[in-house]
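A closer look at the structure
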Amino acid sequence: MRAATLNAPEDLRLVEKDKPTPGKNEVLLKIEANTMCGTDYRLYTGAKTSGIAYGTVPGHEIAGRIVEIGEGVEQIQPDLRTGQQATVSIVVSCGHCSNCLQDREHLCSNLELFGYAIDGGLQEYMLVPERALRRGNLITTSKELDPKALCLAEPISCCLNGLDQFKVNLGEVVAVLGAGPIGLIHAQLALASGARHVFVSNRSPQRRQVADRLGAIGVSPDELEDRVKEVTNGAGADVVIVCIGASQLAQDALVLARDGGRVNYFAGFPKGSMTQMEPNLIHYKELQVTGGSNARRRDVERAIQVLESGAINVEEIVTHTFPLSKVHEAYQAVHDRVGVKIAVIPD
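Residues numbered from 1 in each chain as written. Predicted model: local features only at pLDDT ≥ 70, side-chain atom pairs only at ≥ 80, totals over all residues. Heavy atoms only, no water.

The name an unreviewed UniProt entry assigns to the chain is Zinc-binding dehydrogenase, from the organism Varibaculum cambriense. Regarding the chain, the relevant UniProt record gives this comment under Cofactor (unreviewed entry): "Zn(2+)". The heading Sequence similarities (unreviewed entry) in the UniProt record of the chain holds the text "Belongs to the zinc-containing alcohol dehydrogenase family." (UniProt positions renumbered as here; feature names shortened; annotations may be inferred.)

Structure (structure tokens):
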């Protein structure tokens, strides 16, 4: 079979390897699609190295189908059968560290990640190892989804974890800083939660138009504050979600939020980056400030339910596809910000 392997920073190779055979307590998936995000490119360049095992197949936004079930699997997950659509919760947690025991398995001290240290979705077939199966990381759908939609279960699950922290209530005004795939998903989730206005800020007119088509309000960063004040009588946004890892936005979000508002730093910032913030804005405005990172298994299950409900416009998010044979071109497209989101499909 064909697979991409990341052997070192900027050393991505398309190779031929033996198709895996599932051993005891293992399951084999046929990969139907794998979408890519900015983190994939950071892994490729070496800008992100934490948790990486070079020589691993990258790709963590995975849609597959069960094609082989190893001996003993029925004792672990008896409802599995060949032909089922499935994805994985990418965080394989240990189950016994302090974070796991306090319902923070996505922040597990001993976690392993699909596409980082466990072979991911940029290959024709992917083995789900026993340790992942025993932790319940293999998750099936209840009805057929477009594979490009199922891939989005991973980013949506992360957004749902963030949404649980800051929440969006009926009639509120939300400002989303950034109109990449994550920002556009957050905008759709906010609308589905009953937000009255969802502003999506981005410098790209094309991305702002996508936000408009999704039912949000695309605005340029220069006009965002005025537009928010216009609909809130000068109060500010109830919720501000930072979806771009630009240091200045950390302060901008605090300014944009109303008294008692919620600010979520959802984007990952470059490692070691620093910024200047005015802590009195948090103090006097009594802001709630949270972060957002990864997702639990149950978040992935919820994300699949969101996709099955039709609440996410997949076609506006996944705009371009590449065959696995052109995986290098797919990475370049991510770098060049072609469309909104890239999917890689086995040939």
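Turning to helix α7 (residues 181-192), a few remarks are in order. Its 12 residues give α7 an end-to-end C-alpha distance of 17 Å, which sits within 8% of 16 Å, the value for a rise of 1.5 Å per residue. Those residues of α7 not exposed but buried are Pro-181, Gly-183, Leu-184, Ile-185, His-186, Ala-187, Gln-188, Leu-189 and Ala-190. A positive phi of about 105 degrees marks Gly-194, the residue just after α7. (Helix = DSSP H or I, 4+ residues; strand = E, 2+ residues; numbered from the N terminus. Expected span 1.5 Å × (residues − 1). Buried < 20%, exposed > 50% of the residue type's maximum accessible area, 1.4 Å probe, protein only.)

Moving on, we come to empty space enclosed by the protein. Gaps between atoms show up when a probe of the same size as a water molecule is rolled over them. This model, assessed by the stated rule, comprises 2 cavities of 30 Å³ or more. Taken as a whole, the largest cavity spans an internal volume of roughly 50 Å³. Considering the residues around the largest cavity, the lining is formed by Val-88, Ser-89, Ile-90, Val-91, Glu-154, Ser-157, Cys-158, Asn-294, Ala-295 and Val-300. Ranked by the residues each element gives to the lining of the largest cavity, the list is headed by helix α6 (residues 153-166), at 3 residues. Along the lines of polarity and charge, the residues of the lining of the largest cavity split into 6 nonpolar, 3 polar and 1 charged. Here the second largest cavity defines a volume of roughly 40 Å³. Surrounding the second largest cavity, Leu-6, Leu-43, Ile-52, Ala-53, Thr-56, Pro-58, Gly-115 and Tyr-116 form its lining. (1 Å grid on protein atoms, 1.4 Å probe; cavity = no way out; pocket = protein on both sides within 12 Å on 5 of 7 lines; lining within 4 Å. Points joined across faces, edges and corners; volume = space filled by probe spheres on them. Nonpolar A, V, L, I, M, F, W, Y, C, P; charged D, E, K, R; others polar.)

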